[in-house]
Each structure stands twice: as C-alpha cells, then as structure tokens.
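Commentary on secondary and tertiary structure
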Amino acid sequence: RDGPLIDRDDAIIGQRAVDAEVDDFRAERLGQGRTGTDRCRRAHATLFSEGEYRALEIQGPLAGHVLGFARVAKETIVLTIVPRLLARRGIDELPLGKTYWGDETRLLAPPEAGLLVNRLTGERLAVDRGALLLAEVFASFPVALLVSEA
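First things first, this report covers the structure right here in the doc.

Thresholds, definitions, all that
- Residues numbered from 1 in each chain as written.
- Predicted model: local features only at pLDDT ≥ 70, side-chain atom pairs only at ≥ 80, totals over all residues.
- Heavy atoms only, no water.
- Helix = DSSP H or I, 4+ residues; strand = E, 2+ residues; numbered from the N terminus.
- Buried < 20%, exposed > 50% of the residue type's maximum accessible area, 1.4 Å probe, protein only.
- Contact = heavy atoms within 4.5 Å.
- Pairing = 2+ DSSP bridges.
- Axes fitted to C-alpha atoms, helices over the stretch in contact; angles between N-to-C directions.
- Phe/Tyr/Trp six-rings, centres within 6.5 Å; stacked < 30°, edge-to-face > 60°.
- Lys NZ or Arg CZ within 6 Å of the ring centre and 35° of its normal.
- Salt bridge = Lys/Arg side-chain N within 4 Å of Asp/Glu carboxyl O.

1. Quick look at the overall build of the chain
Within the chain one finds five helices and nine strands. In sequence order, the secondary structure elements of the chain are arranged as α-α-α-β-β-β-β-α-β-β-β-β-α-β. Burial statistics for the chain: of 150 residues in total, 43% are counted as buried. Restricting to contacts in the chain with at least 6 residues of sequence separation, those with at least 24 account for 60%.

2. Considerations on the sheet that holds strand 2 (residues 58–59)
Judged by pairing direction, the sheet is antiparallel, and its three strands sit side by side in the order 2-5-8 without closing on themselves. Pairing within the sheet leaves two strands with one partner each, and these edge strands are strand 2 and strand 8 (131–133). Sheet topology places strand 2 next to strand 5 (residues 106–108); two bridges connect them, and they run antiparallel. Of the residues in strand 5, the one forming a bridge with Ile58 is Leu107.

3. Here's the deal with the environment of Glu112
Within the secondary structure, Glu112 sits in the loop between strand 5 and strand 6 (115–118). Given a relative accessible area of 39%, Glu112 falls into the partly exposed group. Residues Glu112 and Val72 lie 40 residues apart in sequence; the distance between their C-alpha atoms is 8.6 Å. When neighbours within four sequence positions are excluded, Glu112 is seen to be in contact with Arg54, Val72 and Ile77.

4. Focus on the sheet that holds strand 9 (residues 144–148)
Taken in spatial order, the six strands line up as 1-3-4-9-6-7 in an open sheet, and their pairing is antiparallel. Every other strand in the sheet has two partners, leaving strand 1 (52–55) and strand 7 (124–126) as the edge strands with one partner each. Direction aside, neighbouring strands of the sheet carry axes that sit 25° apart on average.

5. A look at unusual backbone geometry
A positive phi angle, near 50°, is found at Arg129, a position not held by glycine. The class of Arg129 is exposed, set by a relative accessible area of 76%.

6. A closer look at the pairing of strand 3 (residues 66–73)
Among the eight residues of strand 3, six are classified as buried, and the element is accordingly described as predominantly covered. Here strand 1 pairs with strand 3 via four bridges, running antiparallel. In the sheet register, Tyr53 faces strand 3, and the bridge partner there is Arg71. Pairing of strand 3 with strand 4 (residues 76–83) involves eight bridges; the strand directions are antiparallel. Bridge pairing links Val72 to Ile77 in strand 4. Counting the residues between successive antiparallel strands, the hairpin from strand 3 to strand 4 contains two residues, one of them, Lys74, with a positive phi of roughly 55°.

7. Side note on the packing of aromatic side chains
All told, the structure shown has three aromatic pairs when counted by the stated rule. Geometrically, the ring pair formed by Trp101 and Phe138 is tilted, given 5.2 Å between the ring centres and 40° between the ring planes. Residue Trp101 is found in helix 4 (residues 97–101), and its partner Phe138 is found in the loop between helix 5 (134–137) and strand 9; the two are separated by 37 residues along the sequence. Across the ring face of Tyr53, the terminal group of Arg71 is positioned such that the distance to the ring centre comes to 3.9 Å.

8. A look at the pattern of salt bridges
Oppositely charged side chains can pair when the atoms bearing their charge come close. The tally for this structure, following the rule as stated, stands at two salt bridges. Across the pair Asp103 and Lys98 runs a salt bridge, and its minimum N-O distance is 3.8 Å. Using a relative accessible area of 43% as the deciding quantity, one classes Asp103 as partly exposed. Residue class for Lys98 comes out exposed when judged on its relative accessible area of 55%. Salt-bridge contacts for Arg129 lead to Asp128; the nearest nitrogen and oxygen are separated by 3.3 Å. By relative accessible area, which is 45% here, Asp128 ends up partly exposed.

Structure (structure tokens):
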C-alpha cells in the first residue's frame, strides 16, 4: 500500500501525545483539564476500542510537521491531528492559524468525513474538495480532535 502507514501502537502513542498536549495547553492557557478528549472517548467508546486506524496524508510545505490519523467505525469518524517537530522551524509563536501554517498545507480527509466538530474548541469545519487546511484545523488550538457530525 502506498502512502503513510501507522500501526496501532503509533496511533496510541499519538493519542497519548494529544492528551498530554491538551492537558499542558489547557492548564497553562485555559485552566481546564482534558474534558474534551475524555467526553469524546466516552461518547464513542466502541469507535476507540474497535474502530479502524487510518493514517492521514498531509500535503504541503509543512507536511512533515503534522501527524494525523483517523478512527473509523460505521458512520462515525474521529480525526486526531497534532503538530510535531516544531522546534525545527525555529519559531517561538504558538502553531496557530494562517500566519503559522499558511494556506498550502492541508490534510487529506477520509471520504467518510463531511462536517466535523473539533471537540476541544467547538469549532465546525467542512471538508472542502477532500481536504482540510491546517490553518483552519489549528485556528485557535494547537491540536485537534475532529468528530463527524451525524
């Protein structure tokens, strides 16, 4: 199979990294715990225990600075997207919005994805021509947990 591969262990490590990043960011900036990820896991327990893992392809100049994977089961999909290797960029600002990500780096969304809600911010994103711009995914928070709307 062509394209990026991610195994279950890598996906679990990625999810733990997201959880830790959310905890750190919220503790510092928002004064909250990881309620969004906990609620999502409880609401979609079957998806997280039995759903299929899929690596997400990232395209554009900053593709190497993002890790993304999907959990898919039946009609539900959850995308976990997290920045990585940010120190290599030598930029001290938070990895948020268009000023950081530009308008060329995008995540190719699974065909099942349509309208998605970021469970960490409440923001709604629509897949446009099969992709999501990272500037929109990371508009206000440096990690994303996007869940399909039914």
